[in-house]
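Overview (structure and organization)
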Amino acid sequence: MEPVKVIPCLDMMNGRIVKGVHFQNMVDAGDPAECIARYCEEGADEIWMLDIKASEEGRRTNLEMIRRAAALCTVPLCIGGGIKNLDDVDAVMEAGARKVGIGSAALTNDEVIRRASYKYGPGAVTALVDVFRNAAGEYEVMGAGQKPSGKLLAPWIRQLADWGAGEILLTTMQDGAKTGYDLEATRIAAEASPLPVIASGGAGELVHFADAVKRAGARGVLAASVFHSGKFSIAQVKQYLEGEGIPVLRPGEIDLGAVRFDEKGLVPAIAQDAASGTVLMLAYMNRESLEQTLRTRLATYFSRSRQELWVKGATSGHYQHVREVRYDCDGDAILLKVDQVGAACHTGHYSCFFNPLLTLSGGRSSTMGAAIVQAVYDQVLDRKANPKEGSYTNKLLEKGVDKIGKKVVEEAAEVLIAAKNRSVEEVRFEVADLMYHLTVLLADQGMSWDDIYAELENRHR
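Here goes a summary of the coordinates provided. This structure is a prediction, so every number in the text was calculated from the model and none was measured.

What to know about the nonpolar core
What tends to happen in soluble globular proteins is that the nonpolar side chains get buried as a cluster. Ile-102, Ile-113, Val-129, Leu-160 and Phe-209 are the most contacted members of the largest nonpolar core, which has 76 residues in total. The biggest single contributor to this core is helix 6 (residues 153–163), with 6 residues. Excluding anything up to four places from it in sequence, Phe-209 contacts Tyr-181, Ala-203, Val-221, Ala-223, Val-226, Phe-227, Phe-232, Val-237 and Leu-241. Grouped together as the second largest cluster of nonpolar side chains are 20 residues, Ala-271, Leu-290, Ile-334 and Ala-344 included.

What follows is the structure in structure tokens.
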């Protein structure tokens, strides 16, 4: 069983948390900043913030509210309410959300979930589904303002899955009643498609959380009142679920639910130089190796031939220090942005992708990218610290800034002449000469290319 997420929800009106019963009689339930800080500390797996009147009032969700919350939130911040189209999704994501909830807009716009999922991936798109039991005894979906939509729960869930939603956040009319989740509605939603269902509405006792998982198939449990009031902490709920044999994420663990491992339990992983953008290698990960990578910050892969984990660099010393881990829009590939020590390829090449199949005019490229500039700079520093007889670099360094500066001017003139000759080959050669001599000049001045990059970045703002 995948770990079950425990999620607090902040229903927002006029900048404050509110809570009611059966979506009615809303009363103040606290300060959002205070609750966000507390829930993050208690181990919330994510935090949902719903602008509950935005759709009913026909307005966009409060972006300033999102920005303030995102600045405080150390777990994924999920936003719903007033999201009608892709522009709204873009605005919410730019304000700091990690996930968007799309509810009533999907009832009238069959493109909003599809487009959001295509742009940000299914893992960033949650379908908000509010239901009630109609006169025929069937679960019917509600639109903005709790108005019946005429759409029944199970077929609507299947439609949302087809459009590309990543999960379902199901809220029933038991919201705020504290009598327990609607297990039948939750079960119907969980059985309607493979999408994970987050149960919402009605939690009042610890047993209610376990019932939603064990008896209804929920993959996450969301609550508001019992957390806002302090009746239960998130840590208490997680401890109870674990005691019931239900796995949960512990503080510091990362939810891997969005990663789609293949039938062999593997996912391809691409390593990319974080500084230069150079693609270094392709390998495979299983869940254990990905978890170890996230924990140790050292790239760890799974060997298909040896059927075991291997830490990149454990034998060669050519470690990959992980800066960032991403997954693609379909969740079936991993991207590692790394600081590469030495060569990534076992052949000694910096990148494994050194064999050309096709190079069109103007398409020539380096396997090292911008990293070659740093490599040349490091070599110049080595010559400065460990002079080598006959080294041209050492001769320049010994003669000092006047000689180095003269060569920089000469090489700049050579670049101009090559450009006036309209010779691509000459320009390439002369610019490389100029960059080499500029590198020596920087080393002589006690500077590095990072100083130049920082200045360019400053001008770019």
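Topic: the pairing of strand 11 (residues 197–200)
The alternating pattern of strand 11 places Val-197 and Ala-199 and Ile-198 and Ser-200 on opposite faces, both of which are buried. Inspection of the sheet shows strand 10 (residues 167–172) paired to strand 11 by 4 bridges, in the parallel sense. Across the sheet, the residue bridging to Leu-169 is Ile-198, located in strand 11. Pairing between strand 11 and strand 12 (residues 220–223): 3 bridges, direction parallel. Opposite Ala-199, over in strand 12, you have Val-221 as the bridge partner. Handedness of the β-α-β unit built from strand 11, helix 8 (residues 206–214) and strand 12 comes out right-handed.

A closer look at unusual backbone geometry
Phi is positive for Arg-297, close to 65°, though the residue is something other than glycine. Relative to the helices and strands, Arg-297 resides in the loop between helix 11 (287–296) and strand 15 (300–303). Non-glycine residue Arg-422 carries a positive phi angle of around 55°. Along the polypeptide, Arg-422 turns up in the loop between helix 14 (401–420) and helix 15 (424–444). Look at Arg-422 and you get exposed, because its relative accessible area is 75%.

Side note on a nonpolar patch on the surface
Taken together, the side chains of Ile-270, Val-279, Leu-282 and Phe-353 define a hydrophobic patch exposed on the protein surface, amounting to about 340 Å² of accessible area. As for its position among the elements, Ile-270 is in strand 13 (residues 267–273).

What about helix 13 (residues 392–399)?
Inspection of helix 13 places Thr-393, Asn-394, Leu-396 and Leu-397 among the buried residues, and these make up the whole buried set. For helix 13, the buried positions fall inside an angular range of 160° around the axis, keeping them on one side. Turned more than 90 degrees off the buried face of helix 13, the exposed positions are Glu-398 and Lys-399. Each element contacted by the buried residues of helix 13 is listed here: helix 12 (371–385), helix 14 and helix 15. For helix 13, the capping residue at the N-terminal end is Ser-391, with a side-chain oxygen 3.3 Å from the backbone nitrogen of Thr-393. Positive backbone phi, at 85°, marks Gly-400, one or two positions downstream of helix 13.

Some thoughts on the sheet that holds strand 18 (residues 334–340)
With mixed pairing, the 4 strands of this open sheet are ordered in space as 14-13-18-17. What marks the edges here is a single partner per strand, and that holds for strand 14 (279–285) and strand 17 (320–327). Sheet twist, expressed as the mean angle between neighbouring strand axes with direction ignored, is 25°. Two strands pair when backbone bridges link them, and strand 17 and strand 18 are joined in this way by 7 bridges, in the antiparallel orientation. Counted as the bridge partner of His-321 is Asp-339 from strand 18. Across the sheet, helix 11 lies against strand 14, strand 17 and strand 18, angled at about 125° from strand 14, the strand it touches most.

Rules behind the numbers
- Residues numbered from 1 in each chain as written.
- Predicted model: local features only at pLDDT ≥ 70, side-chain atom pairs only at ≥ 80, totals over all residues.
- Heavy atoms only, no water.
- Core = buried A, V, L, I, M, F, W, Y, C linked by side-chain atoms within 4.5 Å.
- Buried < 20%, exposed > 50% of the residue type's maximum accessible area, 1.4 Å probe, protein only.
- Helix = DSSP H or I, 4+ residues; strand = E, 2+ residues; numbered from the N terminus.
- Contact = heavy atoms within 4.5 Å.
- Pairing = 2+ DSSP bridges.
- Right-handed = clockwise from strand over helix to strand, strands pointing away.
- Patch = residues over 30% accessible without salt bridge, like charges linked within 9 Å, V, L, I, M, F, W, Y side chains within 5 Å.
- Areas by Shrake-Rupley, 256 points an atom, 1.4 Å probe, with all protein chains shown as cover.
- Salt bridge = Lys/Arg side-chain N within 4 Å of Asp/Glu carboxyl O.
- Arc of directions from axis to C-beta.
- Polar contact = N/O pair within 3.5 Å; in protein donor to acceptor, adjacent residues only side chain to side chain.
- Axes fitted to C-alpha atoms, helices over the stretch in contact; angles between N-to-C directions.

So, to be careful, I would describe these as geometric facts and stop short of saying anything about function.
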